[in-house]
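Structural description and commentary
Letter by letter, the chains look like this.
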Amino acid sequence: MVAAGEEHGMSQLGLGEAGGSMGRMDPAMTLPSVWKQKSADSMNKATVQRKNLSEHRAAYFKFNEEVRRSQYSMQVQVNDALKKKKNTLELLIDKLNSTITAAEPVRQMLAASKIKLEKELEEKRTYLEWNMKRVELRNQRAPTEWVADEPQRQLLAQETLLRDSHAQQEKNFKEIAETCSSLEVSYKELEEDIADKKLAWELNNQAEAECQQPALKLPSINCKRMDLNAATNVRLDKDVEVHVAKAEHPTLLSPNIWHGSTMKNIDKNKRIQTRSMGLCDGCDTISRKLAEAILQAHHWVAQALEERVKEQKKMIEELQEQLRLTLEEVEEAETTVAMLKQALQDLAEPLRVSEKRLEIHSKRPQRELIEDDVNIHLKSELDELKYQEALLEQRKIKVETMLSDLIGTRDEIQDDIQLKQFCVDLDTKCLEMGSYPDKK
């Protein structure tokens, strides 16, 4: 039919050309073929547009279905993630609670050990002061009594032991205080961590309550002419530019780091707990050994003082016995001196008489002065009396010298007794001065 029209038009055109002489066509008019072509192009264009529109509608429908499926899948994943996170939080909260519960007795034990060490340090200072007072008391002895005896050596050894014990327990106290501080810091970190996790658990529950159980609702097809198979040839991201402003979120920790941080705090607290228990046990052992050593040293000092007091008392008894004998000897010597003085006084008159008689006898005339028996006996008597006087005088001097020595010895013994009695009193005070606690 179209070909017949074209032939008819060509015949019309040929007639026109042939009959040009009859008339010409208006230049503003379109040829019939052109007019028909335009209509055909419009129809073809409409056909293509309808096809494209149908394909895009099918593609959008399929895209909408995929979006809904993706949303459903993401909601399911979110719900699963919330449940999993809830279980993880509950597990971590339980671990934190158990760690805190286990840390509480350790904290109390550390606090008790700290108080005990403070008390023991105060006791050591008191014992050291007592020991120094004992040394000061014993230093009040006279220079003659300053001897390196057993109590002195034991007191010096006890002072060294007390100073070493005080230094050791100061070190233990410092370690206990540092460990207690570290445990308190770790305990606060755990409390803050568990508070944060409880808050996160509540927020997680709120988020889980806000999220309803998803249901997959696929879009319905309103147009029956839609061919979903034609949607496979359409890519919606080719001819559509989509600009979405991404939400800015703060930098978050990864789950591994988050979980590892909590476990690290728990492990740190457990290590501190283990170290604290070992430190407390070690400090108790050291304190017990030091207490035993100090008590033993105290017993040694007390024993040495008791033996020293016994020794000094025995020496005082011996000195008192010697003093008694010396006093008797002094009394005898004084009696002897008195007797010698009396003997000299008694000899003075016979000596005077003998001298007088010899003097009278020597006044005889010259021719009567002969060495007769009378003169011989008078001289012999006078010599004998003088010899006796000299002998008595020498004996008196010797006895007086011995008496003086005895008096000096008596004074020395008395001073020695007083000094030793003073030392006995000092050692008795040292022995009675305070007492260390008995071993439990």
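Conventions we followed
- Residues numbered from 1 in each chain as written.
- Predicted model: local features only at pLDDT ≥ 70, side-chain atom pairs only at ≥ 80, totals over all residues.
- Heavy atoms only, no water.
- Helix = DSSP H or I, 4+ residues; strand = E, 2+ residues; numbered from the N terminus.
- Buried < 20%, exposed > 50% of the residue type's maximum accessible area, 1.4 Å probe, protein only.
- Contact = heavy atoms within 4.5 Å.
- Core = buried A, V, L, I, M, F, W, Y, C linked by side-chain atoms within 4.5 Å.
- Phe/Tyr/Trp six-rings, centres within 6.5 Å; stacked < 30°, edge-to-face > 60°.
- Lys NZ or Arg CZ within 6 Å of the ring centre and 35° of its normal.
- Salt bridge = Lys/Arg side-chain N within 4 Å of Asp/Glu carboxyl O.

Of the regular secondary structure elements, the chain holds five helices and zero strands. Helices and strands appear in the chain in the N-to-C order α-α-α-α-α. Considering the chain as a whole, with its 440 residues, one finds that 27% of them fall into the buried category. Long-range pairs, those at least 24 residues apart, make up 92% of the contacts in the chain with a sequence separation of at least 6.

With that settled, the discussion passes to the nonpolar core. Formed by 14 residues in total, the largest nonpolar core has its most connected members in Leu392, Val399 and Leu403. At eight residues, the largest contribution of residues to this core is made by helix H4 (residues 255-361). Not counting the four nearest positions on each side in its chain, leucine 392 is found in contact with Leu340, Ala343, Leu344 and Leu347.

Moving on, we get to the packing of aromatic side chains. Counted by the stated rule, this structure contains one aromatic pair. Taking 5.6 Å as the distance between ring centres and 45° as the angle between the ring planes, the aromatic pair formed by tyrosine 127 and tryptophan 130 counts as tilted. In this pair, tyrosine 127 and tryptophan 130 both sit in helix H2 (residues 32-138), three residues apart, roughly one turn of the helix. Directly above the ring of tryptophan 258 sits lysine 85, whose terminal nitrogen or CZ lies 4.9 Å from the centroid. We note arginine 107 situated over the ring of tyrosine 187; from NZ or CZ to the ring centre the distance is 3.9 Å.

The next thing to look at is the pattern of salt bridges. On inspection of all chains with the given rule, the structure shows 20 salt bridges. Between arginine 141 and aspartate 149 there is a salt bridge, with its nearest N and O atoms 3.6 Å apart. For the pair arginine 141 and aspartate 149, one class covers both residues: buried. With a closest N to O distance of 3.5 Å, glutamate 311 and arginine 308 form a salt bridge. Of this pair, glutamate 311 and arginine 308 are both found in helix H4, three residues apart, which corresponds to roughly one turn of the helix.

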